[in-house]
Amino acid sequence: MKKFKFSLDKLQNYKEQVLESEKNALGILRGELRDLNIELDGLLHLINLKSDELEHMMIKSVTPANFAASKRFITFKQQEVHALRRRIAAKEDEIAAQLEVVVESNKEVNTLEKLEERQLEEYNYAALKEEELFIDEFVSNQRIRDGVITI
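Presented here is a report on the structure given in the accompanying data block. Here the structure is a predicted model, which means the values were calculated and not measured.

**So, the nonpolar core**
Here comes step 1: The biggest cluster of nonpolar side chains holds 17 residues, and the ones touching the most others in it are L40, V81, L84, I88 and I95.
Here comes step 2: Sorting elements by how many residues they give to this core places helix 1 (residues 9–60) first, with 10 residues.
Here comes step 3: When neighbours within four sequence positions are excluded, I95 is seen to be in contact with L26, L29, R30 and L33.

Take a look at the structure:
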């Protein structure tokens, strides 16, 4: 009997490549999200430092121009934080969508793997039946040669 070959092997290989590609895209998106969160943490830290500096400036009685400049800086950085949070939310939505793509691709690959298993079982069953027929025929021929059965 010829060696087992899954009939949808090329499709399965293609689907596995697609799955790996989608997983890589998901990994890239998660890395981008991580970078955005690091940037957000840095901005929040900078705002806290500037706020502390502004408090010290108020105690030291600084000029109104310096106070206003520091206040504008903090306001500007807070606007950056809001914009960054919107980018983070958009990136999380993008990740959720990509995760759905990965899940669907994974389901397709799993379906093909199960189909391959079923085909392999059918192949093994057919091979077993072929072996049984060969053994039966061999035994029958042997009996005929030994003169046990006369025709």
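**Structural notes on the packing of aromatic side chains**
Here comes step 1: Counted by the stated rule, this structure contains two aromatic pairs.
Here comes step 2: Judged by centre distance (5.4 Å) and plane angle (55°), the ring pair of F4 and Y123 falls under tilted. Residue F4 is found in the segment before helix 1, and its partner Y123 is found in helix 2 (residues 64–146); the two are separated by 119 residues along the sequence.
Here comes step 3: Classification of F4 by relative accessible area gives partly exposed; the value is 22%.
Here comes step 4: An angle of 20° between the planes, with centres 6.4 Å apart, marks the rings of F134 and F138 as stacked.

**Brief notes about the pattern of salt bridges**
Here comes step 1: Counting across every chain of the model gives nine salt bridges.
Here comes step 2: Close ionic contact of E53 with K50 constitutes a salt bridge, the shortest N to O distance being 3.1 Å. Residue E53 and its partner K50 are located together in helix 1, separated by three residues, close to a single helical turn.
Here comes step 3: A salt bridge links E132 to K129, with the shortest nitrogen-to-oxygen separation between them at 3.5 Å. Of the two residues, E132 and K129 both sit in helix 2, three residues apart, roughly one turn of that helix.
Here comes step 4: Assessed through its relative accessible area of 37%, K129 is described here as partly exposed.
Here comes step 5: Look at the salt bridges and you will find they share partners, linking E32, K91 and E94 into a network.

**A few points about the packing of helix 1 against helix 2**
Here comes step 1: Packing of helix 1 against helix 2 leaves a shortest axis separation of 8 Å and a crossing angle of 165°. Looking at the two axes, helix 1 sits roughly antiparallel to helix 2. Handedness of the crossing formed by helix 1 with helix 2: left-handed.
Here comes step 2: Split by residue class, the contact of helix 1 with helix 2 holds 28 nonpolar, nine polar and 19 charged.

**Section: the environment of V18**
Here comes step 1: As for its position among the elements, V18 is in helix 1.
Here comes step 2: For V18, a relative accessible area of 25% translates into the label partly exposed.
Here comes step 3: Taking the C-alpha atoms as reference, V18 lies 7.3 Å from S105; in sequence the two are 87 residues apart.

What counts, and where the lines are drawn
- Residues numbered from 1 in each chain as written.
- Predicted model: local features only at pLDDT ≥ 70, side-chain atom pairs only at ≥ 80, totals over all residues.
- Heavy atoms only, no water.
- Core = buried A, V, L, I, M, F, W, Y, C linked by side-chain atoms within 4.5 Å.
- Buried < 20%, exposed > 50% of the residue type's maximum accessible area, 1.4 Å probe, protein only.
- Helix = DSSP H or I, 4+ residues; strand = E, 2+ residues; numbered from the N terminus.
- Contact = heavy atoms within 4.5 Å.
- Phe/Tyr/Trp six-rings, centres within 6.5 Å; stacked < 30°, edge-to-face > 60°.
- Salt bridge = Lys/Arg side-chain N within 4 Å of Asp/Glu carboxyl O.
- Axes fitted to C-alpha atoms, helices over the stretch in contact; angles between N-to-C directions.
- Parallel < 35°, antiparallel > 145°, perpendicular 65-115°, else oblique.
- Left-handed = near helix turned anticlockwise from the far one by under 90°.
- Nonpolar A, V, L, I, M, F, W, Y, C, P; charged D, E, K, R; others polar.

Limitation: the analysis is restricted to geometry and does not speak to function.
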